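Residue-level structure breakdown
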Amino acid sequence: MITVTFQANALGASLSSTQLTHIYASPLLRAYSTAEYVQYHQNYPMPSIKTNPHLREQYYGIAEGHPWVAQPPDSDVPLELLYEKAIFPVLHDRDAKFPESESLNDLASRAEKGIRECVLPHLQESQFPEVAHSDIHIAIASHGRCIGELLSALLRLDPEAERDLKFTKLANTAWTRMYVRIRDGHHGLVDPTNPPPLQVVITNVNEQRHLQSLVRLHDIARTFDLNGAGAKVQAYFGGERSITDDYAHSNGGGRVMALTNPPSWIMFTRNLY
């Protein structure tokens, strides 16, 4: 049986030939563990992993940890009564949300902050290779819906990009890659709060080629130790939800996003589980 840790290890190995300069991760365990596997396979000097709260998955409030239903058993019953019975109908509107939760539009707003903090400052670095890395490669470990909103947030910064693309149903550890660069005509500093027009090009969506070379997990376990990453995965299945107590109630999964110098590339991969 192919296990999720096995898939994440294969992902990290497949990225080992690309020297990452920065790794960001959601503070939730599933995304952070994915980042650890990616980091493990990097050459020295290994980039550190920095967590950012804007990269965590959409928060579902009182619906966290509960299954959703496509159709409520009685459409005449008020939603409040359904919630009291732990019945949570699927939400279809981007502004809709459960009590104490985030809507998709709330998540989109947070994703824009994540792009401003984790991506745009490094586009500034890429303009001055004499004082920074000549190649900027950023990996971001996040979650399914959040990654979709991160991608859309980047596309909104490109005045010529297609805006109605959807990024859903990503396979475990599959990745989506984008090239990003500052469009010609901009000179001077990059203000993350008011960035210049970007060129954003999607090159790969839901790629899973790294899974073709999988072998059994116990064979991998005999050859190396992932600095506690495997133990954290086991802790997750035992009930641990996050690397910090602040985000212990989110049920989002994780993926990875990577960015390089102009033209930059961004690679997203679905999390461990």
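This text goes with the structure placed above it.
As the structure is a computational prediction, the values presented were derived from the model and not from experiment.

Helix and strand counts for the protein come out as eight helices and nine strands. Counting across all 273 residues of the protein, residues that qualify as buried make up 50%. Across the protein, every contact between residues at least 6 apart in sequence was considered, and the portion connecting residues at least 24 apart equals 77%. Surface accessibility of the protein: about 13300 Å² in total, with carbon and sulfur atoms responsible for 50%.

This brings us to the pattern of salt bridges. One pass over the full model with this rule turns up nine salt bridges. With a closest N to O distance of 2.9 Å, arginine 156 and glutamate 112 form a salt bridge. Here the residue arginine 156 occupies a position in helix H6 (residues 144–156), and glutamate 112 occupies one in helix H4 (residues 104–118), the gap between them amounting to 44 residues. Residue classification places glutamate 112 among the partly exposed positions, given a relative accessible area of 31%. Between arginine 183 and aspartate 158 there is a salt bridge, with the nearest N and O atoms lying 2.8 Å from each other.

Residues His22 and Tyr24 line one face of strand E1 (residues 22–25) and the alternating positions Ile23 and Ala25 line the opposite face, and both faces are buried. Taken together, the four bridges between E1 and strand E5 (residues 138–142) define a ladder with parallel strand orientation. Within E5, the position partnered with isoleucine 23 by the bridge is alanine 139. Here three bridges tie E1 to strand E2 (residues 49–51), and the two strands are oriented parallel to one another. Looking across to E2, one finds that tyrosine 24 is bridged to lysine 50. With respect to chirality, the unit in which E1 leads through helix H2 (residues 29–40) into the neighbouring parallel E2 is right-handed.

A few words now on unusual backbone geometry. Here the residue pair tyrosine 44 and proline 45 is connected by a cis peptide bond, since its omega of 0 degrees sits within 30 degrees of zero. One can find proline 45 in the loop between H2 and E2. The phi torsion at asparagine 206 lies on the positive side, around 55 degrees, for a residue other than glycine. On the secondary structure map, asparagine 206 appears in strand E7 (residues 198–207). Owing to a relative accessible area of 23%, asparagine 206 belongs among the partly exposed residues under this scheme.

The next point concerns the environment of proline 192. Within the fold, proline 192 resides in the loop between strand E6 (175–182) and E7. Separated by 79 residues in sequence, proline 192 and lysine 113 place their C-alpha atoms 9.3 Å apart. Beyond its immediate sequence surroundings of up to four residues, proline 192 is in contact with Arg116, Leu120 and Pro121.

Moving on: the side chain of arginine 183. Among the secondary structure elements, arginine 183 is positioned in the loop between E6 and E7. Here the side chain of arginine 183 touches aspartate 158 through a polar contact of 2.8 Å, side chain to side chain. At 3.0 Å, the side chain of arginine 183 and the backbone oxygen of leucine 198 are in polar contact. With residues near it in sequence (within four places) discarded, arginine 183 still touches Asp158, Pro159, Glu160, Pro197, Leu198 and Gln199.

Evaluated as defined, the whole model comprises five aromatic pairs. Between tryptophan 68 and phenylalanine 98, the ring centres sit 5.2 Å apart and the planes meet at 70 degrees, which makes this aromatic pair edge-to-face. Here tryptophan 68 is found in strand E3 (residues 68–69), whereas its partner phenylalanine 98 is found in the loop between strand E4 (88–89) and H4, with 30 residues between them in sequence. A residue is classified by how much of its surface remains accessible, and tryptophan 68, at 28% relative accessible area, is partly exposed. Judged by relative accessible area, phenylalanine 98 falls into the buried class, the value being 2%. Judged by centre distance (5.4 Å) and plane angle (80 degrees), the rings of phenylalanine 88 and phenylalanine 98 are edge-to-face.

Cut-offs used in this document
- Residues numbered from 1 in each chain as written.
- Predicted model: local features only at pLDDT ≥ 70, side-chain atom pairs only at ≥ 80, totals over all residues.
- Heavy atoms only, no water.
- Helix = DSSP H or I, 4+ residues; strand = E, 2+ residues; numbered from the N terminus.
- Buried < 20%, exposed > 50% of the residue type's maximum accessible area, 1.4 Å probe, protein only.
- Contact = heavy atoms within 4.5 Å.
- Areas by Shrake-Rupley, 256 points an atom, 1.4 Å probe, with all protein chains shown as cover.
- Salt bridge = Lys/Arg side-chain N within 4 Å of Asp/Glu carboxyl O.
- Pairing = 2+ DSSP bridges.
- Right-handed = clockwise from strand over helix to strand, strands pointing away.
- Polar contact = N/O pair within 3.5 Å; in protein donor to acceptor, adjacent residues only side chain to side chain.
- Phe/Tyr/Trp six-rings, centres within 6.5 Å; stacked < 30°, edge-to-face > 60°.

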